[in-house]
Amino acid sequence: MTTTADYTEKIPNNVSLHEDRRLQRALESWQPNFLQWWQTMGPTLPTQDVYLRTAVNVGRDGWAQFGHVAMPEYRWGIFLAERDPGRTVGFGEHKGEPVWAKVPGEYRAELQRLIVIQGDTEPASVEQQRNLGATAPSLYDLRNLFQVNVEEGRHLWAMVYLLHAYFGREGREEAEELLHRNSGSLDSPRILGAFNEETPDWLSFFMFTYFTDRDGKYQLGTLKESAFDPLSRTCEFMLKEEAHHMMVGTTGVDRVVQRTVEVMRSHDTDDVGGLGAIPLPVIQKYLNFHYSVSLDLFGGETSTNVANYYTAGLKGRWLEDRRKDDHKLASDAMMVDALSEDANGELSIGQTEVSALVGLNTDLRREYISDCQGGVKRWNRILEEAGVKQRLKLPHIAFNRKVGAFAAIEATPDGEKIPAQEWDRRQGEWLPTDVDKTYVRSLMQPVHQRGKIAAWIAPPRNGINGQPFDYDYVHLA
Ligand code: BYC
């Protein structure tokens, strides 16, 4: 095992793939199917080449190389973080034992399921974003979109490697299925709800990369703790790539808010709808939507699945080794968000005490929520500095939920439980309406000239890899 990727092979890798001919052949026969999927379900805008980063090693410094690449020739590969030979299981009933280099028979089904769910999200997001190139606000943004897309493709490779290398024939079949399910398909949709939603415009894209990619960060963070060492090492390296996706979302929303307040100030009005910027209430509605569908991705507030994953050592907690407890949780309790029923059978939003193990989805969701607050704080600082009185905020945890404790009720963004009829009447106050979406889409005119940018978004503070904003990041075909 080295940190350096071998690019002389058909499939670049740092797992000495050439030493296992059978595995190499199996992956080489999956490769054309992947490329076929990329051609039919990947980005639709024709390009000659794009200024992309490619992983060259997995070490701490200088792991990436930048250059113009024709996208179908991008070197998607298999990269695992370096092995720590002394690593032991950090939690659950196997705590303290050496980590596993192979899949224990008794956990095979659960591990395969977790890897398939993770793998399914990666190509799904590429499918959701495939038409965005046609309306990119600048070449800088276009390049970032494609960078995110090729890396989601690589994350698919990461999961497919695990399926092929450790799960035999079933794993190979699941790897095929990952290319057959499609985002939004009626017959064979993607597994998790948020990955069947559309990403039809760039405000949605920035909200998706802020909120939904951030779920990815947290889920990968828990799988990085796994006792199954190849999964842990795979996720560790994926998290490095994920940091750029977070940056795209955070600064993307920054720049939309920035432009909106500039237009508000220069025209001395809150109503920037007719002035080519996105009104703050519309930004808030997009935020409400993407945040609430992303909360669903953490599963139910209580889950016996997650309790079993934890006890078995398959999926840990966010920053497991910083937790000050026994890392087994067998006799611990915690409060989770819940619906409670009073004597008259009326449901209200509250909390209930459960065993800490079954509350682990809630634990992870809370870590995620406090991270999301960071973005809102940052966007509100832009509003404050511009002397604008409005503020953005995260809606209540019970708002617009389709999974978990609050799926059965309707609630306002302030967390007030309301009857279904009121929800039907008022949801357009809180979620993007067709009018909002049509307006946002009307702004999405492509700006594909070097150094130019659309009027609804401010330029970025920095370019990519030290290049200026007006660099030729993409050559269109
Ligand atoms: N939609 O016991 P529960 C990323 C199902 S994003 C539909 O609470 P559990 C990325 C669930 O399967 C990160 N169904 O669930 C981001 C179960 O079904 P069964 C992706 C859902 O297992 C942007 C039932 O409901 N990675 O990387 O505790 C771009 C009961 O649920 C949903 C992972 O998610 C849903 N939202 O937790 C690119 C990590 N939620 O068994 C990439 C792997 C739940 O009753 N996955 N269900 O038929 C997991 O850790 C867990 O499976 C989940 C769910 C957190 C998803």
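Right, let's walk through the structure included here. By convention here, each chain's residues receive numbers from 1 onward along its written sequence. For a predicted model such as this one, the threshold for reporting local features is a pLDDT of at least 70, and the threshold for listing and counting side-chain atom pairs is 80 or more; totals across whole chains, interfaces and linings nevertheless cover every residue. In computing side-chain properties, one takes all heavy atoms of the structure into account and sets aside hydrogens as well as water.

Considerations on the overall build of the chain
- Looking only at helices and strands, one finds 11 helices and 7 strands in the chain.
- Two things to know: the radius of gyration comes from C-alpha atoms, and the globule rule equals 2.2 Å times the number of residues to the power 0.38. A compact globule built from 477 residues would reach a C-alpha radius of gyration of about 23 Å, and the chain, at 23 Å, matches this within 12%.
- Taken along the three principal axes of its C-alpha coordinates, the chain extends 65 × 65 × 40 Å.
- The contact rule is simple, with two residues in contact once any of their heavy atoms fall within 4.5 Å. In the chain, of all internal contacts separated by at least 6 residues, the share reaching a separation of at least 24 is 73%.
- As displayed, the chain has an accessible area near 20200 Å², and 47% of this comes from carbon and sulfur atoms. Labels follow the DSSP assignment, with helices taken as runs of H or I lasting at least four residues and strands as runs of E lasting at least two, numbered in each case from the N terminus. Accessible areas in this description were obtained via Shrake-Rupley with a 1.4 Å probe; residue shielding takes into account the shown protein chains only.

Focus: the packing of aromatic side chains
- Each aromatic pair joins two rings of Phe, Tyr and Trp (for Trp, the six-membered one) with centres within 6.5 Å, and gets the label stacked for planes under 30 degrees apart, edge-to-face for over 60, and tilted for any other angle. Scanning all chains against the criterion turns up 36 aromatic pairs.
- Ring-pair connections join several aromatic residues into one group, and the members of that group are Trp 30, Phe 34, Trp 37, Trp 38, Tyr 74, Trp 76 and Trp 157.
- Here the basic side chain of Arg 214 rests over the ring of Tyr 210, its NZ or CZ set 4.0 Å away from the ring centre. Criterion for a charge above a ring: Lys NZ or Arg CZ within 6 Å of the ring centre, and within 35 degrees of the ring normal.

Looking at the side chain of Gln 112
- With respect to the secondary-structure elements, Gln 112 resides in helix α2 (residues 108-128).
- Setting aside chain neighbours within four positions, we find Gln 112 in contact with Leu 163, Phe 167, Glu 170 and Glu 174.

A short note on a positive patch on the surface
- Patch membership requires more than 30% relative accessible area and the absence of a salt bridge. Residues of like charge join within 9 Å; the nonpolar side chains Val, Leu, Ile, Met, Phe, Trp and Tyr join within 5 Å. What makes a salt bridge here is a side-chain nitrogen of Lys or Arg within 4 Å of a carboxyl oxygen of Asp or Glu, nothing more. In this count, Lys and Arg are taken as positive residues and Asp and Glu as negative ones, while His and the chain termini are left out. The atoms used to mark charge sites are NZ of Lys, CZ of Arg, CG of Asp and CD of Glu. Together, Arg 21, Arg 22, Arg 25, Arg 169 and Arg 172 make up a positively charged patch on the protein surface.
- For the positive patch, the secondary-structure elements that each account for two or more residues are α1 (21-41) and α4 (168-180).
- Considering each element in turn, the positive patch owes the most residues, 3 residues, to α1.
- Counting through the fold element by element, Arg 22 comes out in helix α1.

Focus: the packing of α1 against α4
- Between α1 and α4, the least distance of the axes is 10 Å, while the angle of their chain directions is 10°. On the basis of their axis angle, the class for α1 and α4 is roughly parallel. Contacts between α1 and α4 involve Ala 26, Trp 30, Asn 33, Phe 34 and Trp 37 from the first element and Arg 172, Ala 175, Glu 176 and Leu 179 from the second.
- Three residue categories are used. Nonpolar comprises Ala, Val, Leu, Ile, Met, Phe, Trp, Tyr, Cys and Pro, charged comprises Asp, Glu, Lys and Arg, and polar comprises the others, including Gly. Tallied by class, residues from the contact of α1 with α4 come to 6 nonpolar, 1 polar and 2 charged. Lines fitted to C-alpha atoms define the axes here, with helix axes fitted over just the stretch in contact, and angles between the N-to-C directions of these axes take values from 0 to 180 degrees. Angles are sorted into four bins: roughly parallel if under 35 degrees, roughly antiparallel if over 145, roughly perpendicular if 65 to 115, and oblique for all others.

A few points about the nonpolar core
- With 119 residues, the main nonpolar core has Phe 211 and Trp 456 as its most contacted residues.
- With 16 residues, the single largest contributor to this core is helix α3 (residues 139-166).
- When residues no more than four places from it in sequence are discounted, the contact partners of Phe 211 are Leu 287, His 290, Tyr 291, Ser 294, Tyr 368, Cys 372, Trp 379 and Leu 394.
- Buried Ala, Val, Leu, Ile, Met, Phe, Trp, Tyr and Cys residues form a nonpolar core when they are joined through side-chain atoms within 4.5 Å. Here the term buried applies to any residue with accessible area under 20% of the maximum for its type, exposed to any over 50%, and partly exposed to those in between, with areas from a 1.4 Å probe on protein chains only. Counting 12 residues, the second-largest nonpolar core is a separate cluster that includes Ala 124, Phe 195, Ile 418 and Trp 423.

Examining the pairing of strand β3 (residues 333-341)
- Note on pairing: DSSP must find at least two bridges between two strands before they are called paired. One ladder, built from 9 bridges, connects β3 with strand β4 (residues 347-355); its direction is antiparallel. Along β4, the bridge assignment pairs Leu 339 with Ile 349.
- Once β3 ends, the chain turns through 5 residues before running back antiparallel as β4, passing Gly 345 with a positive phi of about 80°.

Concerning the site of the ligand
- To be near a molecule or strand, a residue needs just one of its heavy atoms within 4 Å of it. Taken together, 30 residues lie around the ligand, and Arg 113, Gln 118, Gly 300, Ser 303 and Lys 315 are the ones closest in.
- Two N or O atoms count as a polar contact when they lie within 3.5 Å, although within protein this holds only if one can serve as hydrogen donor and the other as acceptor, and sequence-adjacent residues are included solely when both atoms are side-chain atoms. Between the ligand and Thr 121 there is a distance of 3.4 Å, counted from an oxygen atom to a side-chain nitrogen or oxygen.
- When the free accessible area of the ligand is taken as 1100 Å², the share hidden by the protein chains comes to 79%.
- When residues of the shell around the ligand are traced back to their parent elements, those giving at least two are α2, α5 (202-223) and α8 (304-312).
- If you tally residues by element for the shell around the ligand, the top one is α2, at 7 residues.

Section: the pattern of salt bridges
- Across all of its chains, the model carries 25 salt bridges by this definition.
- A salt bridge links Arg 401 to Glu 301; the nearest nitrogen and oxygen atoms lie 3.4 Å apart. With Arg 401 in the loop between α9 (360-385) and β5 (410-411) and Glu 301 in the loop between α7 (280-296) and α8, the pair connects residues that are 100 residues apart, well separated along the chain. Accessibility assignment for this pair places Arg 401 and Glu 301 in one class, buried.

A short note on α3
- In this analysis, the expected span of each helix is defined as 1.5 Å times one less than the number of residues it contains. Taking 1.5 Å per residue, 28 residues should reach 40 Å; α3 reaches 41 Å between its end C-alpha atoms and fits that length.
- In this structure Ser 138 caps α3, since a side-chain oxygen of it lies 3.3 Å from the backbone nitrogen of Tyr 140.
- One or two positions beyond α3, positive phi appears at Gly 168, with a value near 55°.

Let's talk about unusual backbone geometry
- The backbone phi angle of Ser 16 is positive, close to 50°, even though this residue is not glycine.
- A positive phi angle is found at Asp 268, which is not glycine, with a value near 50°.
- Mapped onto the elements, Asp 268 comes out in the loop between α6 (229-267) and α7.
- Residue classification places Asp 268 among the exposed residues on the basis of a relative accessible area of 71%.

Quick look at the sheet that holds strand β7 (residues 474-476)
- Read from one edge to the other, the open sheet built from 3 strands follows the order β2-β1-β7, with strand pairing classed as antiparallel. Each edge of the sheet is formed by a strand with only one pairing partner; in this case those strands are β2 (64-69) and β7. Neighbour-to-neighbour, the strand axes of the sheet open up by a mean angle of 15°, direction not taken into account.
- Pairing between strand β1 (residues 47-55) and β7: 3 bridges, direction antiparallel. Counterpart to Thr 47 in the pairing with β7 is Leu 476.
- Across the sheet, α3 lies against β1, β2 and β7, angled at about 60° from β1, the strand it touches most.

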